[in-house]
Amino acid sequence: DAEYMGGRTPMHSKTWPTLAGASALLALGYVIGYHGKKKNNNIQAPTHVFRGSGYEKEIAVATRLAIQGAAAIRDAIHRQKVVQFKAVADLVTETDKSNEEMIFAELRRQFPSHRFIGEESTAEQGGLSTVQFTDEPTWIVDPVDGTTNFFHGIPLCCTSIALCVNKQVVVGAVCDAMGEVFQAVRGYGAYGNGLRLQTDQNSKVQDNVILTEWGTQRDPRLARTVSADQGMVQLGNCHCIRQLGSAVVDLCYVAAGRVGAVYCGVGGRGWYPWDYAAGCLIAEEAGGCASQITGAPVNLFGNNILVACNQQVKDEILAILKPILATV
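> Even after reading the chapter, I still don't get helix H8 (residues 247-255), so can you show me in this structure?
What sets the pattern is the α-helix's 3.6 residues per turn: residues three or four places apart point alike. Most of H8 sits inside the fold, with 9 of its 9 residues counted as buried. Every buried residue of H8 is accounted for by Ala 247, Val 248, Val 249, Asp 250, Leu 251, Cys 252, Tyr 253, Val 254 and Ala 255. Positioned one or two residues after H8, Gly 257 has a phi angle of 80 degrees, which is positive.

> How should I be thinking about the packing of helix H7 (residues 222-234) against helix H10 (residues 311-325) in this particular structure?
Each pair of packed helices can be summarised by the angle the axes make with each other and by the distance between the axes. Relative orientation of the contacting elements H7 and H10 amounts to 145 degrees, with a least axis distance of 10 Å. Once H7 is placed against H10, the crossing between them reads as right-handed. For the pair H7 and H10, contact is made by Arg 224, Ser 227, Ala 228, Gly 231 and Met 232 and by Ile 317, Ile 320, Leu 321, Ile 324 and Leu 325, respectively.

> I tried to follow the pattern of salt bridges on my own but got confused; where do I start?
Charged atoms that come close allow side chains of opposite charge to pair. A complete count under the given rule lists 3 salt bridges for this structure. Residues Arg 64 and Glu 106 are paired through a salt bridge, measuring 3.1 Å at the closest nitrogen-oxygen approach. With Arg 64 in helix H3 (residues 56-76) and Glu 106 in helix H4 (residues 94-110), this residue pair connects regions lying 42 residues apart in the sequence. With a relative accessible area of 13%, Glu 106 lands in the buried category.

> What is the right way to read the pairing of strand S8 (residues 181-185) from this model?
Consecutive side chains of a regular strand alternate in pointing toward one face of the sheet and then the other. In terms of burial, S8 is largely enclosed, as 5 of its 5 residues are buried. The alternating pattern of S8 places Val 181, Gln 183 and Val 185 on one face and Phe 182 and Ala 184 on the opposite face, and all of these are buried. Relative to S8, strand S7 (residues 168-176) runs antiparallel, the two being bridged by 5 bridges. Bridged to Ala 173 within S8 is Gln 183. Taken together, S7 and the strand that follows it, S8, pair antiparallel across an intervening segment of 4 residues, in which Gly 179 is found at a positive phi of about 90 degrees.

Calculation notes
Residues numbered from 1 in each chain as written. Predicted model: local features only at pLDDT ≥ 70, side-chain atom pairs only at ≥ 80, totals over all residues. Heavy atoms only, no water. Buried < 20%, exposed > 50% of the residue type's maximum accessible area, 1.4 Å probe, protein only. Helix = DSSP H or I, 4+ residues; strand = E, 2+ residues; numbered from the N terminus. Axes fitted to C-alpha atoms, helices over the stretch in contact; angles between N-to-C directions. Left-handed = near helix turned anticlockwise from the far one by under 90°. Contact = heavy atoms within 4.5 Å. Salt bridge = Lys/Arg side-chain N within 4 Å of Asp/Glu carboxyl O. Pairing = 2+ DSSP bridges.

If you want it as structure tokens, here you go:
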């Protein structure tokens, strides 16, 4: 299979022109596609690479629904939106709700015995504390990840679909508003637009862009996140700190080799299961390393996460975060 190495692919590689300018080309394609009123009918998301996994149907259905969800995002992103607030900076739009309804309706038709966890339905039922997460096959869906970006017309948003079995994510499919598709099946690798993904196994923090997200938190603990970001620049000498506004996109960009790591939850409440179920699997299957920000194993229902392109970058970030996490 072709290898999708990301921004640091050598210039002599046949894939370098595509990958080095991937974000710019995708953005250009998005602008042309929107203003030209054309649909993106050229999305490359083959599923034959997952033959023998035992999840051929699941990844095919998840990929198709992620693409449909992203198409709905593209159709609505520049239209006037009806918005509600779950919290001060936590938005939900009609597209969030209609996408989740569409995805769950088809998943229930295809897999009637499975269980389902969605961001919007969970909020309506009273929050994460009401969710029963069992060993049974369970779909975890974020119908619009990056809703604030979506609301403001920024195409860094996506639809994310994951399947868990025995409380472990085994299938992940993501499609963003620019038509880029990321897929993974546990043990069978990760793919971006049909090309095999592989993180950079030899870089350090100082070689990378590092991502974080402040999220919807608006209390004094946010100061710890500011300290962490400052530490990445001053102590880690990273190229820069960025907030893209979509947890899932962040994780997929780690998988694609565009960024070195992403962390969230330093100041308290970070992401939710639907924010990283699919993306974390994709990053790990591409060779990335994942843990909590303390170094403990990832907890799908925890409130923080750190995913890096390799163990060295993860260890460097853990060392920077450790004294910050010790503060009150």
